[in-house]
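# Working through the structure, step by step
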Amino acid sequence: MSTKVKKMLFILSKATIENAYAAFVMANGARMEGIESEIFFTFFGLEAIQKKKLEHLKVATVGNPGMHIPTMIGGLPGMEALATKMMKKEMEKLDMPPVDEFLEILSDSGCKLWACKLAVDMFHLEREDLIDDLDGILTIGDFYSRADQEGCQLLFI
Amino acid sequence: MKKFIANTEIDVNDEGYLTDFTQWNKDIGNELAKEQEIEMTDKHWEVIDYIHDKYKKEEPLSIRGIKKSGVINIKEFYALFPAGPLKKATLIAGIPKPKSCI
């Protein structure tokens, strides 16, 4: 039996830019290696595919020890925006696309993008609030059925 | 290691990438493509020309770069070089495999 990874499924549940990019880079990396990939956006992860919000994802400056900023300072007004600006600058240097362009690249690369039905209902969102490249709104059961094959890995972010 | 292809001896690494670009020619590119089950068309060669141009300018290749290239869009790129397009296109072009994660 071949053990090669054939498909990577990602569940993005958070709205921070570092989590969204983790999902995007891994999903794109899979496609670049000839591996199928799909992302299921749920709960706060939905922010990454909402037309009005996707440009405004932020780095978490509170409760994020990796930032090396004391929590109280991280909570000051403007800190999140500053940290996000700095991170975006670094990402641009590495030629990492902004969120909207990254989603377009993923879709064009054949990565399927799904919104979680329960979360869409919970946040009172409509289809038109979400990006045009979205492949659809699924229940978790629908999403599991897409994992029903050999060589498939599922990752929660 | 040595590899004999298109009546020429070339040096390749263990993944099959040419280690010396000066050994590359279009016939070799064609044969390498056949090994990847790709039949080269004019559009394929346009992409290879773009890749060579980037390589000569020492500019890194990325999928975003392909998008901006004006030569091809990402959907077409995946259609022309299925299952790992940048990996396959660079192999056919006779240049090293891109090291970028994006």
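Chains are numbered independently. Their residues run from 1 in the order of the written sequence. Throughout, the order in which chains and ligands are written sets their labels, letters from A for the former and numbers from 1 for the latter. Per-residue local features are limited, in this predicted model, to residues with pLDDT of at least 70; the limit for side-chain atom pairs, both in listing and counting, is 80 or more; totals at the level of whole chains, interfaces and linings are taken over all residues. The side-chain figures draw on all heavy atoms in the structure; neither hydrogens nor water molecules are used.

### Quick notes on the overall build of chain A
In this description a helix means any DSSP run of H or I spanning at least four residues, a strand means any run of E spanning at least two, and both kinds are numbered starting from the N terminus. For chain A, the count of helices and strands is six helices and five strands. Every radius of gyration here is taken over C-alpha atoms, with the globule rule written as 2.2 Å times N^0.38, N being the number of residues. For a compact globule of 157 residues, the expected C-alpha radius of gyration is about 15 Å, and chain A comes in at 16 Å, within 12% of that figure. In terms of principal-axis extent, the alpha carbons of chain A reach across some 50 × 35 × 25 Å. Accessible area is worked out with a 1.4 Å probe on protein chains only. A residue is then buried under 20% of its type maximum, exposed over 50%, and partly exposed in between. The burial tally for chain A puts 43% of its 157 residues in the buried class. Here a residue-residue contact requires only that any non-hydrogen atoms of the pair lie within 4.5 Å. Nonlocal contacts in chain A, meaning residues at least 24 apart in sequence, comprise 73% of its contacts between residues at least 6 apart. For chain A, the exposed area adds up to about 8300 Å²; of that, 60% sits on carbon and sulfur atoms. The distance from the centre of the 17 positive side-chain charges to the centre of the 24 negative ones in chain A is 3 Å. Note that accessible areas follow from Shrake-Rupley with a 1.4 Å probe, and for residues the cover is restricted to the protein chains shown. This count recognises Lys and Arg as positive and Asp and Glu as negative, with His and chain-terminal groups excluded. A charged residue contributes its charge at one atom only: NZ of Lys, CZ of Arg, CG of Asp or CD of Glu.

### What about the interface of chain A and chain B?
Listed per partner, the contact involves 18 residues of chain A and 15 residues of chain B. Whenever a carboxyl oxygen of Asp or Glu lies within 4 Å of a side-chain nitrogen of Lys or Arg, that contact is scored as a salt bridge. Inspection of the chain A/chain B interface yields seven salt bridges. In this structure, the salt-bridge partner of E104 of chain A is K67 of chain B, at a minimum N-O distance of 3.5 Å. Any N or O atom pair separated by 3.5 Å or less is treated as a polar contact, with the protein-specific requirement of one donor-capable and one acceptor-capable atom, and with residues adjacent in sequence counted only for side-chain atom pairs. In this assembly, chain A and chain B are joined by four residue pairs in polar contact (both at pLDDT 80 or more). Elements that contribute at least two residues to the side of chain A that touches chain B include exactly α1 (17-32) and α4 (99-108) of chain A. Considering every element that reaches the side of chain A that touches chain B, the biggest residue donor is α4 of chain A, with five residues. A class-by-class count of the residues in the side of chain A that touches chain B yields eight nonpolar, three polar and seven charged. All residues other than Ala, Val, Leu, Ile, Met, Phe, Trp, Tyr, Cys, Pro, Asp, Glu, Lys and Arg, Gly among them, are scored as polar; the first ten of these are nonpolar and the last four charged.

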